[in-house]
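One letter stands for each residue in the lines below.
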Amino acid sequence: MDRRTVLGMAEGCGTAEGRRHLLIAALVWGTGTKARSVNRRGLIFGRSTAEHIDDRLGTVLTVLREQGAVAAYDKCRREERVPHLGPAFFTKFLYFAGYEDGAGFRRPLILDSVVSLALKDRRTVAEDWPLSGWTTAQYARYLDILHHQAESAGVRPDVVEAAWFAHGTWLRRSVPGSSSV
């Protein structure tokens, strides 16, 4: 499943079923083919009812449209948390659901360990920047950095995020011990 296909599915996220489909598409897109990863994503649905997930995602999308990406991220981490749906995957959901429709000047972008690895490698973030479990303030900082880079380069912020992801992927494949940068 490619990025454009998942972005196209965002049009249906006005309904509970559409949000569920978008979440599943974002999980599939971000998981790939590793069986262990697929099992871990399944825990999201095994530990929460569909109604619980639907309600929380609906609230998060309302916050995204009305208050922006950082507020929606905070909701996902706190009161609207879905068990086993961590930042690396809920930022994928936020990106696909709200890149074009989010409030504020910062569009939601995907933040995962691969992007964090690349940012640390190039010393774009502090040495103690985590590879997972980012605070709301760290997500806000991340958006500021990437939006500034995009503006400076004259490209969309998601193009910058994709470039950081490509660099992180290269690091993981090419540099011994890079996953612990």
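Just so it is clear, the structure is predicted and the values come from calculations on it, not from any experiment.

The rules behind these values
- Residues numbered from 1 in each chain as written.
- Predicted model: local features only at pLDDT ≥ 70, side-chain atom pairs only at ≥ 80, totals over all residues.
- Heavy atoms only, no water.
- Helix = DSSP H or I, 4+ residues; strand = E, 2+ residues; numbered from the N terminus.
- Buried < 20%, exposed > 50% of the residue type's maximum accessible area, 1.4 Å probe, protein only.
- Contact = heavy atoms within 4.5 Å.
- Areas by Shrake-Rupley, 256 points an atom, 1.4 Å probe, with all protein chains shown as cover.
- Core = buried A, V, L, I, M, F, W, Y, C linked by side-chain atoms within 4.5 Å.
- Polar contact = N/O pair within 3.5 Å; in protein donor to acceptor, adjacent residues only side chain to side chain.
- Salt bridge = Lys/Arg side-chain N within 4 Å of Asp/Glu carboxyl O.
- Phe/Tyr/Trp six-rings, centres within 6.5 Å; stacked < 30°, edge-to-face > 60°.

Enquirer: Would you explain the overall build of the chain in this entry?
Expert: A count of helical and extended segments in the chain gives nine helices and zero strands. For the chain, the N- to C-terminal ordering of α and β elements is α-α-α-α-α-α-α-α-α. Within the chain, the fraction of its 181 residues that count as buried is 45%. Across the chain, the fraction of contacts at a sequence separation of at least 24, relative to all contacts at a separation of at least 6, is 63%. When the accessible surface of the chain is split by element, carbon and sulfur atoms take 51% of a total near 9300 Å².

Enquirer: Help me out: how do you make sense of the nonpolar core in this one?
Expert: The nonpolar side chains of a soluble globular protein tend to be buried with one another. Membership of the largest hydrophobic core comes to 44 residues, with the highest contact counts inside it found for Leu-85, Leu-94, Tyr-142 and Leu-146. Broken down by secondary-structure element, the contributors of at least two residues to this core are α2 (16–31), α4 (50–67), α5 (69–77), α6 (87–98), α7 (113–121), α8 (136–153) and α9 (157–174). Setting aside anything within four residues of it in sequence, one finds Tyr-142 in contact with Leu-109, Ile-110, Leu-111, Val-115, Leu-119, Trp-129 and Glu-161.

Enquirer: Would you mind going over the side chain of Ser-116 with me for this structure?
Expert: Of note, Ser-116 is situated in helix α7. In this structure Ser-116 comes out as buried when scored by relative accessible area, which is 0%. At 3.1 Å, the side chain of Ser-116 and the side chain of Trp-134 are in polar contact. Not counting the four nearest positions on each side in its chain, Ser-116 is found in contact with Leu-111, Trp-129, Pro-130, Leu-131 and Trp-134.

Enquirer: Can you help me understand the pattern of salt bridges in this one?
Expert: Under the criterion given, the structure shown has six salt bridges. In this structure, Asp-74 engages Arg-78 in a salt bridge whose closest nitrogen and oxygen atoms are separated by 2.7 Å. A salt bridge links Asp-158 to Arg-156, with the shortest nitrogen-to-oxygen separation between them at 3.1 Å. What makes Asp-158 buried here is its relative accessible area of 7%.

Enquirer: Got a minute to help me understand the packing of aromatic side chains in this structure?
Expert: Aromatic ring pairs are reported here in terms of the distance separating the ring centres and the angle at which the planes meet. Under the criterion given, the structure shown has four aromatic pairs. When the centroid spacing of 5.0 Å and the interplanar angle of 65° are considered together, the rings of Tyr-95 and Phe-96 count as edge-to-face. The residues Tyr-95 and Phe-96 share a single accessibility class, namely buried. A network of ring pairs unites the aromatic residues Tyr-73, Phe-90, Tyr-139 and Tyr-142 as a single cluster.

Enquirer: What exactly am I supposed to notice about the environment of Arg-20 here?
Expert: When you line up the elements, Arg-20 lands in helix α2. With relative accessibility at 27%, the residue Arg-20 sits in the partly exposed group. Discounting residues that sit within four places of it in the chain, Arg-20 has contacts with Ala-50 and Asp-54.

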